[in-house]
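# Observations on chain architecture
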Amino acid sequence: MAETVEKSLDLSLYELHRTYHEAITDSTKIAVTPKSLQSELTCPICLEMLTNTMTTKECLHRFCAECIITALRSGNKECPTCRKKLVSKRALRPDPNFDQLVAKIFPDRAEYEEQQEKALAILSKNHSQQLMSTIGDAIKAQAAHVKMINRKKNLSDDLLASHCQVGDGLNHEPGMDLDDTIAYRPRKKKRENGDGLLPSEIEIIFKPHLEIPQATVTRIGDNQTRFIKTLLTASIDHLCKYLKVRLEFDMGIEQVKPEEEVKVKEEAEENTENTENTDNTENTDNTDNTKNTENETEKGESENKKDDDAESVKDEPKPETIQNMKIHVCQVPGQYIELTGPETLEMVIEDYWKVAKPVELHYQFDMGS
């Protein structure tokens, strides 16, 4: 016979120090409040008192019959409390004794559930009233904000109307009174976003440099400060050319047309060709005295004609032009940084302009002929 192996059972720390209670065999009663049993009588799924109790065979956890069957049908093949595996409904068994215990503790269960429903109804009603009052306060605040915005808008419209009224000018009709004048209100343009700019666009404010003479600034007039909208890819060279054309137009400077420039160049080329032909004839016909005399005569006539043309050009007044157009950016008042030609506006913003407002640039130029 095989030797039997003796098994030793080790007691846990709780089992070593626990105190034993004697069994109650007489008519002693122990008072227990229903609140202390609330956790034992509550279904872990619906969190309400157990109804038609079903107990798992593996872990002996209790649930409402409807709750645990619905959980198994939904595909959760495990105990909702301890996550032990439950193959099917066969892993459950009804527990009528526990139902009798609940009925003994709560003989007026119907009244209890009715009180619970009333308490929930009162809580939901108070919550809905509080929510509605909060929504009402928010609507009132929003209406007050809209009213304030409309008041500011009407005030600005009144100021615009006072500036746009027509007086007794050249275009004023005799039969038209000032009270009948309709104020001009510009239409609002549809904007893509809050500031009306695309991601690739930027607003620029051009101002004259402090070193520009006051007489030149006065000559420019009201257009000395310009507001434009352009692309971020525009370079400083492009802006210099734009400002040169616009300022010459505002100052009344006549711009030389490209056709006139081409005509002047052609006349200059013809004069150079004539002088070259005369030089060639002198070098090739040195032996013939008669031809030399004729060439000298023609050369003298061409030189005289050239001198007359040069004198006439000198006598004509040269038109004024804008030269040495420069653009500066000013981060600190009084400190101007000159921008180079190939630099784009995107690079300027990244290096010098960190604020979310239109870029302020200052232009400087010289007057020449």
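As a reminder, the structure under discussion sits directly above these lines.
## Let's talk about the packing of aromatic side chains
Across all of its chains, the model carries one aromatic pair by this definition. Measuring from ring centre to ring centre gives 6.3 Å for Tyr363 and Phe365, while their planes differ by 10°; the resulting arrangement is stacked. On the basis of relative accessible area, Tyr363 is assigned to the buried category, the value being 1%.

## Concerning the nonpolar core
With 28 residues, the main nonpolar core has Phe206, Leu239, Ile327, Leu361, Tyr363 and Phe365 as its most contacted residues. If you list the elements that add at least two residues to this core, you get β4 (201-208), α5 (214-220), α6 (236-250), β6 (321-332), α9 (345-352) and β8 (359-368). A total of five residues in this core trace back to one element, the largest contributor, which is α6. For Phe365, the residues in contact, after removing those within four places along its chain, are Ile212, Thr216, Ile220, Leu247, Met251, Ile322, Gln323, Asn324 and Met325. Among the nonpolar cores identified, the runner-up in size contains 20 residues, and Cys43, Leu50, Cys79 and Ala91 belong to it.

## Re the pairing of β8
Along β8, seven of the ten residues are buried, which leaves the element largely enclosed by surrounding structure. As judged from the five bridges shared by β4 and β8, these two strands associate in the parallel manner. Pairing of Pro208 across the sheet is with Tyr363, part of β8.

## Re the sheet that holds β8
Pairing is mixed across the open sheet formed by five strands, whose spatial order is β5-β4-β8-β6-β7. Looking at the sheet topology across the chains shown, the edges are occupied by β5 (226-231) and β7 (335-338). Strand-to-strand twist across the sheet, computed as the mean angle between neighbouring axes with direction ignored, equals 40°. In this structure, β6 lies alongside β7, joined through four bridges in antiparallel fashion. In the strand pairing of β7, His328 is matched with Glu338.

## Remarks on the sheet that holds strand β1 (residues 53-56)
Picture the strands of a sheet paired through backbone hydrogen bonds; they go either parallel or antiparallel. Spatially, three strands are ordered β2-β1-β3 in an open sheet, and the strand pairing comes out antiparallel. If you trace the sheet from one side to the other, it starts and ends with β2 (62-64) and β3 (92-94), each paired once. Sheet twist, expressed as the mean angle between neighbouring strand axes with direction ignored, is 40°. Where β1 lies against β2, three bridges are found, and the strand directions are antiparallel. Bridging from a neighbouring strand, Thr53 pairs with Cys64 of β2. Sheet contacts for helix α2 (residues 65-73): β1, β2 and β3; angle to β2, the most-contacted strand, approximately 90°.

## Section: the side chain of Thr55
Among the secondary structure elements, Thr55 is positioned in strand β1. What makes Thr55 buried here is its relative accessible area of 2%. A distance of 3.3 Å separates the side chain of Thr55 from the side chain of Asp95, its partner in a polar contact. Filtering out sequence-adjacent residues up to four positions away, Thr55 remains in contact with Leu60, His61, Arg62, Ala91, Leu92, Arg93 and Asp95.

Here is what the cut-offs are and how they apply
Residues numbered from 1 in each chain as written. Predicted model: local features only at pLDDT ≥ 70, side-chain atom pairs only at ≥ 80, totals over all residues. Heavy atoms only, no water. Phe/Tyr/Trp six-rings, centres within 6.5 Å; stacked < 30°, edge-to-face > 60°. Buried < 20%, exposed > 50% of the residue type's maximum accessible area, 1.4 Å probe, protein only. Core = buried A, V, L, I, M, F, W, Y, C linked by side-chain atoms within 4.5 Å. Helix = DSSP H or I, 4+ residues; strand = E, 2+ residues; numbered from the N terminus. Contact = heavy atoms within 4.5 Å. Pairing = 2+ DSSP bridges. Axes fitted to C-alpha atoms, helices over the stretch in contact; angles between N-to-C directions. Polar contact = N/O pair within 3.5 Å; in protein donor to acceptor, adjacent residues only side chain to side chain.

On their own, these measurements won't tell you what the molecule is for.
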